[in-house]
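Examining the three-dimensional arrangement
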Amino acid sequence: MKRNAIRRVICGVLALSLAFATPAVSFAKVTKQESVYVIANPDGSTKSITVSDQLQGAANESGTIKDVSELSDIKNVKGDETFDQSGQNLTWNLNGADIFYQGKTDKKLPVSVKITYELDGAKVNPQDIVGKSGKLKITVKYENNEIQTKTENGKSVKIATPFLMATGLILDSEHFTNVKMDDGGKVIDDGSKSIVIGIGMPGLKDSLDLSSDLMKKIDDKLKDEFTVTCDTTEFEMKNTFTFASASLLNMLSEEADKEDSGIDFDKIDDKIDDLDEAVDKLNDGTKKLSDGTKDLDKGVADLKSGIEKYANQGVKKLTAGIRELGKNAPKLKKGVGDYVSGVDKLAEGTKKYVATIELVLKTVKTATADLGSFDATKLAALTTGIEQLSNGLASIADKDKMTQLSDGAKAVSDGIGTVNAGLTQLKSSFSNNENAIVALETALAADEKVLEGLKAAKAAGDTNLDTAIATMEKSVEGQKKAIAGLKEVTKGQKEGVEKLATATASGSDLASGAKTIADSVSAFVTGLTTMADPTTMATLKEAMGKIGKILPSLSGILSMASSDTITNTNKQLTDGCDKLLSAGKKMRSTIKKLGDGMTKLDDGAKQLDSATDTVVNGTGKLKDGTGKLFSGAKKLNDGFTKFREKAIDKLMDFYNDDLKGMVDRLQDIMDAGKEYKSFSGIDDSMDGEVKFIIETEAVKAEE
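Residues numbered from 1 in each chain as written. Predicted model: local features only at pLDDT ≥ 70, side-chain atom pairs only at ≥ 80, totals over all residues. Heavy atoms only, no water.

1. Regarding the overall build of the protein chain
Counting its regular elements, the protein chain contains 12 helices and 19 strands. Out of the 703 residues in the protein chain, the part that is buried amounts to 42%. The long-range fraction of contacts in the protein chain, counting pairs at least 24 apart against all pairs at least 6 apart in sequence, stands at 79%. Carbon and sulfur atoms make up 52% of the accessible area of the protein chain, which totals about 36,500 Å². (Helix = DSSP H or I, 4+ residues; strand = E, 2+ residues; numbered from the N terminus. Buried < 20%, exposed > 50% of the residue type's maximum accessible area, 1.4 Å probe, protein only. Contact = heavy atoms within 4.5 Å. Areas by Shrake-Rupley, 256 points an atom, 1.4 Å probe, with all protein chains shown as cover.)

Have a look at this one:
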């Protein structure tokens with residue numbers, strides 16, 4: 001019989017109807033149907049036993065049939081067939097009919113019934129309370145005396161033959177009212193009498209060993225006694241009848257076999273194993289989730305710490321420097337503007353000065369061209385001109401003015417170099433900006449991964465991350481804008497500074513022009529000093545008296561005055577002034593771009609600072625979120641571990657230890673029921689079944 005069928009038998013036993021039908025089974029050629037009639041005292045103790053046997057199917061046989069019986073006083077009660085007896089062995093001579101015979105025995109019954117009485121709370125002998133009234137309690141208890149010892153999984157167990165017993169009491173309304181009973185049976189009241197029917201299966205719960213908490217719920221249903229309470233008036237009681245059979249479970253087993261759907265415990269074993277494996281995996285999964293969220297929480301804590309350090313030690317210092325640079329940008333712009341304006345004025349003044357010198361030289365050259373035709377009048381005019389030239393040169397070649405002119409030109413040239421050095425140093429700071437951008441991009445990438453992780457966790461079912469995700473998305477978007485702005489500003493700033501650096505670099509038009517001016521001014525001052533030398537002027541004046549002799553050498557004297565040097569120097573001064581003016585225009589244009597770049601850089605620094613604050617706040621909220629996530633995952637793991645221990649493990653233990661064990665035991669019980677074929681004896685060739693009817697004597701006044 002399949003285990004699913006056994007399960008159905010259990011359900012059938014628990015829901016068995018109170019109406020009993022006489023089973024009819026005939027699988028062998030001859031079946032021994034045995035009825036054991038017991039006359040008992042009112043308390044259930046045995047007085048006499050009569051056994052009636054029917055050799056069912058004998059009508060279809062011929063000749064003789066062998067039988068076994070422990071009865072005494074055997075007699076054929078329905079036909080005239082005879083038998084031969086040798087000890088317990090009988091040989092019946094057949095005559096075309098079934099054989100019915102009876103006999104006596106004092107053999108101990110496999111089951112018994114014990115009935116106890118209480119009147120008004122005191123135990124009494126029923127004969128002693130005849131005619132009395134009060135509160136009556138009747139307890140019917142069954143006992144199973146047919147116990148076998150079997151071995152299951154190497155362990156000895158006690159198996160009781162599965163007798164189903166039912167007792168009927170008829171309580172007439174004249175002597176009994178308010179009849180009630182516990183859940184061991186049923187009361188049927190037709191107005192004139194109450195019919196009480198109780199059932200029990202003695203020894204079954206002990207055989208099943210229903211020790212677990214779950215099985216105890218079944219244990220409560222497998223009763224071996226029942227109680228009736230009522231009010232009695234002038235007590236007397238009719239006979240009670242108890243029916244017992246080990247074949248009813250066999251009937252249920254056979255019906256279950258016929259209706260079995262094919263589901264068996266082997267498949268359930270596989271499912272239980274799958275459940276156990278799945279629970280282990282789920283338990284491991286919750287443990288890994290707890291450990292993973294713990295690592296995530298620690299990682300976010302490290303990220304938060306790193307971002308705060310990056311914000312305080314990196315971004316804050318960088319933005320402070322950028323803002324300071326932005327503050328100095330107007331000063332730099334004004335200084336360069338003032339410097340360029342000074343250069344422009346110097347260039348214009350130098351050009352005017354050159355024009356004056358050229359006028360002087362032109363006059364001198366005109367004079368020297370006519371030396372050959374000089375007369376006294378012209379000589380006097382020349383003397384006067386020389387005097388004027390001497391005075392003019394003395395005025396122009398004033399030492400303080402020449403020093404200022406020379407120092408100014410040199411300062412301009414050196415200043416351009418200083419500005420270039422400052423711009424070069426400023427260019428080096430761009431690497432810091434670029435490093436900062438790289439750091440920001442790295443942090444952004446990390447935040448984007450964190451955001452992806454949060455979204456994945458939400459998709460997996462965690463609904464507590466919406467705030468953290470929204471904050472993180474806002475932070476990421478702010479970082480992207482800040483980085484883009486910083487890149488744009490840095491690019492404009494870098495271009496402006498590079499243009500200024502190029503314009504002021506060594507060899508540039510501005511630097512070359514300034515150097516040319518400085519060199520030209522130096523040469524100019526040297527030439528002018530030579531021209532304004534008092535010794536030269538004294539020589540000229542002394543020579544005026546000897547003009548006739550000296551006139552031929554005057555041209556040489558003028559050459560000594562370095563007129564050619566002055567002319568060449570004037571050209572260098574003019575070229576240098578042109579370059580200086582052109583470079584000044586470029587510097588004005590570049591310094592404007594630099595100023596605009598500085599402004600954008602300052603705005604970018606503000607955005608970066610704001611975005612960094614957003615990131616710091618976002619990571620703080622993210623840390624709170626991961627902390628809650630870790631706490632939740634840990635609670636989930638702890639809860640599942642407890643669920644595993646208190647529910648799944650108990651279920652597995654119940655299935656493996658109790659349910660499967662109960663099924664094995666129930667199979668043994670069923671086998672014991674099938675094996676119990678006769679009370680008085682049966683031949684091995686026969687099949688058989690037996691039922692017991694125990695009738696207690698009525699309790700009434702003695703006649």
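Read on for the rest.
2. A short note on the confidence of the model for the protein chain
For the protein chain, the mean per-residue pLDDT works out to 75, and 55% of the residues sit at or above 70. Ignoring residues within four places in sequence, the model shows residues 1–28, a span with pLDDT below 50, making 67 contacts including any to other chains. (pLDDT = per-residue confidence, 0-100.)

3. Looking at the sheet that holds strand β6 (residues 89–93)
One open sheet accounts for 3 strands, arranged β3-β6-β5; its pairing is antiparallel. What marks the edges here is a single partner per strand, and that holds for β3 (64–68) and β5 (83–86). Averaged over all pairs of adjacent strands, the angle between strand axes in this sheet comes to 20°, irrespective of strand direction. The pairing of β5 with β6 spans 4 bridges and is classified as antiparallel. Each residue of the ladder has a partner; that of Gln85, found in β6, is Leu90. (Pairing = 2+ DSSP bridges. Axes fitted to C-alpha atoms, helices over the stretch in contact; angles between N-to-C directions.)

4. Some points on the nonpolar core
As a rule of thumb, nonpolar side chains are buried together in soluble globular proteins. Counting residues in hydrophobic clusters, the biggest one holds 50 residues, and the most contacted among them are Val36, Leu55, Ile138, Met237, Phe679 and Phe692. Ranked by residue count, the leading element in this core is strand β8 (residues 111–119), at 5 residues. Once residues lying within four places of it in the same chain are set aside, the contact partners of Val36 are Ile49, Thr50, Val51, Leu109, Phe679, Val690, Lys691, Phe692 and Ile693. Within the second largest apolar cluster, 13 residues are counted, among which are Leu465, Met472, Val476 and Ile483. (Core = buried A, V, L, I, M, F, W, Y, C linked by side-chain atoms within 4.5 Å.)

5. Quick word on the pattern of salt bridges
Tallied over the entire structure, the rule returns 12 salt bridges. Between Glu448 and Lys480 there is a salt bridge; the shortest N-O distance is 3.5 Å. With a gap of 32 residues between them, Glu448 in helix α7 (residues 399–459) and Lys480 in helix α8 (residues 466–504) connect regions that are remote in the sequence. A residue is classified by how much of its surface remains accessible, and Lys480, at 37% relative accessible area, is partly exposed. (Salt bridge = Lys/Arg side-chain N within 4 Å of Asp/Glu carboxyl O.)

6. Considerations on the environment of Asp603
Residue position: Asp603 is located in helix α12 (residues 563–675). Judged by its relative accessible area of 37%, Asp603 falls in the partly exposed class.

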